[in-house]
Amino acid sequence: MELQHKRVTVLALILMAGLLVLVSGCGNKPAVDTAPTMPDDMNTTETLTPPVVQEPKVVDDGNVIDPKTMDPQDYGVEDVFFAFDQYGLDEVSMGVLARNARILKDVGALVLISGHCDERGTVEYNLALGEKRARAVRDYLASLGVPQGRMLITSYGENKPFSVGHTDQAWAQNRRAHFERP
Amino acid sequence: MTRGMPYSVLVHALVLVLVVVYGNRVTRRPVEPMHAIPFRLVHAVAADRENPVDVPEPVIEPEKQSEPEATVETPPEQKVELTPKEVPVKPLEDKKPEKKPEVKPRPQETVVARETAPDPTVSAEKSAPAAGGLQVQGTDSDFPFDWYLMQIKSMVDRNWKPRQLGFGKSSITCTVHFEVSRGGAISGVSLIASSGIGVYDREALRAVEASRLPPLPPRFSGSRLGVAINFNLEPDY
Amino acid sequence: MSQLSMSQLSMSKLITILLAFCAVIGSAVSAAAQSSDVVIDITQRPYLKTDVLVMPLDILSGGQTAARGGDLIGAVILGDLDLSGLIRTGISTDTPDSFQFEYLIEGRVEGPLLDEATSGEEAPLTVSLELMTYPDRQILLSKRYRPLAGQQRVTAHHFANLVLDMVAGGKGICMTRVVFSRGAGDRRDLYVVDYDGEGLLRVTANRTLNLCPSWSPDNSEITFTSYHGGQQGLYSLDTGTGKVRKILALGGLNYGADWRSDGKELLVSLSQGGDPEIYRVGTDGSIIKRLTVWPSIEISPSWAPGGGELVFTSDRTGTPQLYIIDKDGSGRRRLTFEGQYNDSGTWSPRGDQLAYATRIENLTRLVLIKPTGEDRRIVTGPRWGNCEDPSWAPDGRHLVFTSDRSGVFKLYVYDVVEESFRQLTFGDDPDITPAWSN
């Protein structure tokens, strides 16, 4: 009787060892396994900080927006245009500025708003009119929540035209408030 | 010498008294400060001379003038007529020199404001394109011969050729004084007020020296006439 | 007895002297009483010029160098006298009778001696110039100069100035220059040119927009507006050393500086308060006084000569117009009532008129007007394209302005007496905001 007991115990032990080996063997198997695995960094959850740049709000190609080296046009901010001798904002301009405001609030960049005029009129008065345009834009953006401190203004008057023609079209192109990197 | 002394003193005293008294009579009225009286020959002839009695109504005269103005403007010959001296002088003969001066300043004064406009008509006859008018100021009491003054003005103006100047001020003036003898000879030409610009002063002096004037009017009692001419440069821009 | 007679003698002498004195006075009084004094006024507007004969300079020695120098100096003197508008010049006695010279200019040039020339260094010429009356040849001016090649022009200008002062009673502008802004796009630099169009030189090269320059009364500084550093600021260039210093860079616009004639302060337009206003500012940038307070655009200030009042532009009525105020900001009166757009007023150094630009149907035109607002005259016709930015020469007779009649803005000079024009600058880049030196 005692011999049979011993044999059974040894067999069970061998079986258990085999099972154990099997079980442990399963865990150590390399990723040939077709079941999806979690990414490695999931194991380090407690040290993860969400990087701001990785929130792809506007740019869809995964590039980083660095306002210090990029022009506002590159991250979606657009210029607004004015009527002859006017510095008021029309509906179209206000719509554009509303979009600009959202971008600027998110990007958090320092931006220079420059006012421009077409060539008609004197150099001096156009410098002043250009400033009025820039101020109007800044004030409107501020009213939409963009911090004042992030917006600088200047005026180039008629001295930095975008279009050098003498036609109505060229003139219309030049009557604008332009966003640039300061 | 000591013997004739009292007689000498007497004679000297007499002479002195005569001189002083006579001198007083002539310059009885104090010399008034010169005031500009725009002078129009036509006015002087048409009104003053024709109606010496009406002189006390100075206010009316300017209005009377508007007609003679119109007729005189066109023909320069009319002005030439006046130079034969007798015509304008005749009415004067009837007047005592003392009476006239008392009244004359007033009519001319009221005319001041209105008469400046027609002045160019008088100067139109000149060859040089002169701007500005004929202005003759007179201490009318002593020399009521405006036509003679016109002669002086006309001669000197014709000889005066001021050059364009590059100056900082807008207007320039200098004053030259001289004396005219009975025969019309000019002497004692001197600059009594400088413009500050040498060439300008010299040209004014030259203009006077180059001028030949007619003899003084016979009716004038003085032995010579002292004349001061203000040479005014009107700004050209 | 003798004593008595002695006193009697001296006594009688005294009386005689006294009486003689009185007689003299008396006769003088009577003489004065006899002649009357009349005063006559003669007024003319001058149209004649002074006739001056300029002889070619005699070349005494020095070969080609001296000959070229003498030729240049003679030509520049001739040009200066012509450009002044006051002189009718001749170069030979062989002229029609109507041309009667009153003055003559002669001169001599001596070149460097041979050993000086071969020393390798540039040796100066010796130039003697004389102005004399003609034909009596009374010498009025005699000058001797030793110019190097680069100094020949300024030598001629210097002498011409003296001639103009002597024969035409006024300060000549032969030594003056014009500073302006040239360039396109985002690079505009300051350049300086002699008033006769020669000697162009560039004075800034800082890769930004530099414009609206203005001379200090002694020409030692040129203040200007620059976007150096991205923001508009008022800077000053020392014309002797070339060094630039910042005067002020308050937020917003800082431009349109005009120096007062005593050199102690400037008028400038600043928008730090929200919209452009006129300020009086010290040469160190400190604010002396704010002159305008309206919630509209106030720009383009210009002092009247004497500094008692100034002209400036304001659009408080809705469109830009010219106004005049006293130097303490009081006594405002509007100057321009014609035209919907008037700007760039500048007061003549003679005080008798102002020049400014008016916009009529999309074209800016040059205008002159009296300080009373009367006698407005449009100077440039539509053929002149856009005409802007007038600046007076110190003689109050010439002014420089910009015109794009050729397709691009260039500088032109206008003579207000002769109503004539000449082109001052050439080339393809636009020239704007000129300022004539003092």
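Residues numbered from 1 in each chain as written. Chains lettered and ligands numbered in written order. Predicted model: local features only at pLDDT ≥ 70, side-chain atom pairs only at ≥ 80, totals over all residues. Heavy atoms only, no water.

1. Observations regarding the overall build of chain A
Scanning chain A for helices and strands turns up four helices and four strands. Seen in sequence order, chain A has helices and strands lined up from the N terminus as α-β-α-β-α-β-α-β. Burial status across chain A gives 34% buried among its 182 residues. Pairs at least 24 residues apart make up 75% of the contacts formed inside chain A by residues separated by at least 6 positions. (Helix = DSSP H or I, 4+ residues; strand = E, 2+ residues; numbered from the N terminus. Buried < 20%, exposed > 50% of the residue type's maximum accessible area, 1.4 Å probe, protein only. Contact = heavy atoms within 4.5 Å.)

2. Details of the interface of chain A and chain C
Each partner contributes residues to the interface: chain A has 25 residues there, and chain C has 33 residues. Between chain A and chain C, the buried area comes to about 2400 Å², and carbon and sulfur atoms account for 54% of it. Counting the surface chain A buries against chain C, the share from its top three residues, A:Glu124, A:Tyr125 and A:Asn159, is 26%. At the junction of chain A and chain C, the tally comes to one salt bridge. The salt bridge partner of C:Arg359 is A:Asp85, with a shortest N-O separation of 2.6 Å. Counting across the chain A and chain C interface gives 15 residue pairs in polar contact (both at pLDDT 80 or more). Going through the elements one at a time, helix H3 (123-143) and strand E3 (151-157) of chain A are the ones with two or more residues in the side of chain A that touches chain C. In terms of residues, the side of chain A that touches chain C owes the most to one element, H3(A), which gives ten residues. Considered class by class, the residues forming the side of chain A that touches chain C number eleven nonpolar, seven polar and seven charged. (Buried area = accessible area lost by both parts, 1.4 Å probe. Salt bridge = Lys/Arg side-chain N within 4 Å of Asp/Glu carboxyl O. Polar contact = N/O pair within 3.5 Å; in protein donor to acceptor, adjacent residues only side chain to side chain. Nonpolar A, V, L, I, M, F, W, Y, C, P; charged D, E, K, R; others polar.)

3. Describing the sheet that holds strand E23 (residues 342-347) of chain C
All names here are of chain C. Strand order in the open sheet formed by four strands is E23-E24-E25-E26, with antiparallel pairing between adjacent strands. Edge positions in the sheet fall to E23 and strand E26 (377-378), since each of these pairs with one other strand and no more. As paired elements, strand E25 (residues 363-369) and E26 share two bridges and run antiparallel to each other. Pairing of Val367 across the sheet is with Ile378, part of E26. (Pairing = 2+ DSSP bridges.)

4. Things to note about the pattern of salt bridges
All chains considered together, the criterion is met by 33 salt bridges over all chains. Because the salt bridges share partners, they merge into one network encompassing C:Lys49, C:Arg397, C:Asp415 and C:Glu418.

5. Focus on the pairing of strand E9 (residues 187-194) of chain C
All names here are of chain C. Counted residue by residue, E9 has seven buried out of eight residues, so it is predominantly covered. In this structure, E9 lies alongside strand E10 (residues 201-202), joined through two bridges in antiparallel fashion. By the bridge assignment, Tyr191 is partnered in E10 with Arg202.

6. Examining helix H2 (residues 91-107) of chain A
Residue and element names in this part refer to chain A. In a regular helix each residue adds 1.5 Å, so 17 residues correspond to 24 Å; H2 covers 24 Å between its end C-alpha atoms and thus fits that length. Turning to H2, its buried residues are Ser93, Val96, Leu97, Asn100, Ala101, Ile103 and Leu104. Turning to H2, the residues buried within the fold contact strand E1 (80-81), strand E2 (111-116), H3 and strand E4 (176-180). (Expected span 1.5 Å × (residues − 1).)

7. Structural notes on empty space enclosed by the protein
Tallying each qualifying case throughout the model produces six cavities of 30 Å³ or more. Roughly 90 Å³ of volume is contained in the largest cavity. Residue lining of the largest cavity: 13 residues in total, with B:Gly166, C:Ser84, C:Leu86, C:Lys171 and C:Asp395 positioned closest to the centre. Of the residues assigned to the lining of the largest cavity, the class counts are six nonpolar, four polar and three charged. (1 Å grid on protein atoms, 1.4 Å probe; cavity = no way out; pocket = protein on both sides within 12 Å on 5 of 7 lines; lining within 4 Å. Points joined across faces, edges and corners; volume = space filled by probe spheres on them.)

8. Let's talk about unusual backbone geometry
Where the residue is not glycine, phi is negative for most of them; where a peptide bond is considered, it is trans in most cases. All names here are of chain C. Note the cis peptide between Tyr134 and Pro135, where omega equals 5°. Structurally, Pro135 can be placed in the loop between strand E6 (126-133) and strand E7 (139-145). One non-glycine residue, Cys212, lies in the positive phi region at around 50°. Its place among the elements puts Cys212 in strand E11 (residues 210-215).

9. Regarding the layout of surface pockets
In this approach the atoms are scanned with a rolling probe the size of a water molecule, which exposes any empty space left behind. Residue and element names in this part refer to chain C. There is about 930 Å³ of room inside the second largest pocket. As for the second largest pocket, its lining consists of 40 residues, of which Ser214, Asp258, Ser302, Thr346 and Ser391 are closest to the centre. Counting residues per element, the ones that place at least two in the lining of the second largest pocket are E11, strand E15 (254-259), strand E19 (298-303), E23, strand E27 (387-392) and strand E31 (431-436). At five residues, the largest contribution of residues to the lining of the second largest pocket is made by E15. Counted by class, the lining of the second largest pocket contains 20 nonpolar, 15 polar and five charged residues.

10. Notes on the sheet that holds E27(C)
All names here are of chain C. Taking strand neighbours across the sheet as the criterion, the four strands line up as E27-E28-E29-E30 in an open arrangement whose pairing is antiparallel. In this open sheet, the two edge strands, each paired with only one partner strand, are E27 and strand E30 (420-423). Along the sheet, successive strands turn relative to each other by an average axial angle of 30°, direction set aside. (Axes fitted to C-alpha atoms, helices over the stretch in contact; angles between N-to-C directions.)

11. Focus: the packing of aromatic side chains
Residues and elements named next belong to chain C. Enumeration over the complete set of coordinates arrives at 18 aromatic pairs over all chains. Each member of the aromatic cluster is reached from another via a ring pair, and the members are Trp384, Phe401, Tyr412, Tyr414 and Phe421. The ring of Trp303 carries Arg260 above its face, with NZ or CZ at 5.5 Å from the centroid. Against the face of Trp384 rests Arg405, its NZ or CZ located 4.2 Å from the ring centre. (Phe/Tyr/Trp six-rings, centres within 6.5 Å; stacked < 30°, edge-to-face > 60°. Lys NZ or Arg CZ within 6 Å of the ring centre and 35° of its normal.)

12. Some details on the domain arrangement of chain C
How big an interface is tends to be stated in terms of accessible area lost as the parts join. Residue and element names in this part refer to chain C. Looking at the assigned domains, one finds that chain C contains domain 1 (6-30 + 176-436) and domain 2 (50-168). When each unit is reduced to the centre of its C-alpha atoms, the spacing between domain 1 and domain 2 is 33 Å. The interface of domain 1 with domain 2 comprises nine residues on the first partner and seven residues on the second. Surface buried jointly by domain 1 and domain 2 totals about 630 Å² across both partners, of which 46% is contributed by carbon and sulfur atoms. Together, Tyr195, Asp196 and Arg397 form the three largest contributors to the area buried by domain 1 at its contact with domain 2, with a combined 53%. Among the salt bridges present, the one from Asp196 reaches Arg153, with a minimum N-O distance of 3.4 Å. Its residues placed into classes, the side of domain 1 that touches domain 2 shows one nonpolar, one polar and seven charged. (Domains from an automatic or database assignment.)

13. Some remarks on the packing of helix H2 (residues 63-84) of chain C against helix H4 (residues 152-168) of chain C
A pair of packed helices can be characterised by two numbers: the angle between their axes and the separation between those axes. Residues and elements named next belong to chain C. In the contact formed by H2 and H4, the axes pass within 8 Å of each other and the chain directions differ by 40°. When the axes of H2 and H4 are compared, the pair comes out oblique. As for the relative orientation of H2 and H4, their crossing is right-handed in sense. The segment H2 lies against H4, with Gly69, Leu72, Ile73, Val76, Ile77, Asp80, Leu81 and Ser84 engaging Gln152, Arg153, Ala156, His157, Phe159, Ala160, Val163 and Leu164. Its residues placed into classes, the contact of H2 with H4 shows ten nonpolar, four polar and two charged. (Parallel < 35°, antiparallel > 145°, perpendicular 65-115°, else oblique. Left-handed = near helix turned anticlockwise from the far one by under 90°.)

14. Some remarks on the side chain of C:Lys410
Residue and element names in this part refer to chain C. Within the secondary structure, Lys410 is located in strand E29 (residues 410-415). The exposure class assigned to Lys410 is buried, which follows from its relative accessible area of 1%. Separated by 2.9 Å, the side chain of Lys410 and the backbone oxygen of Phe426 make a polar contact. Those residues within four positions of Lys410 in sequence are excluded, and the remaining contacts are Arg182, Phe401, Thr402, Ser403, Gln423, Thr425, Phe426, Gly427, Asp428, Asp429 and Asp431.

15. Side note on the side chain of C:Asp196
Residues and elements named next belong to chain C. With respect to the secondary-structure elements, Asp196 resides in the loop between E9 and E10. With a relative accessible area of 19%, Asp196 lands in the buried category. In this structure Asp196 touches Leu83, Arg153, His157, Arg422 and Leu424, once residues within four positions along its chain are discounted.

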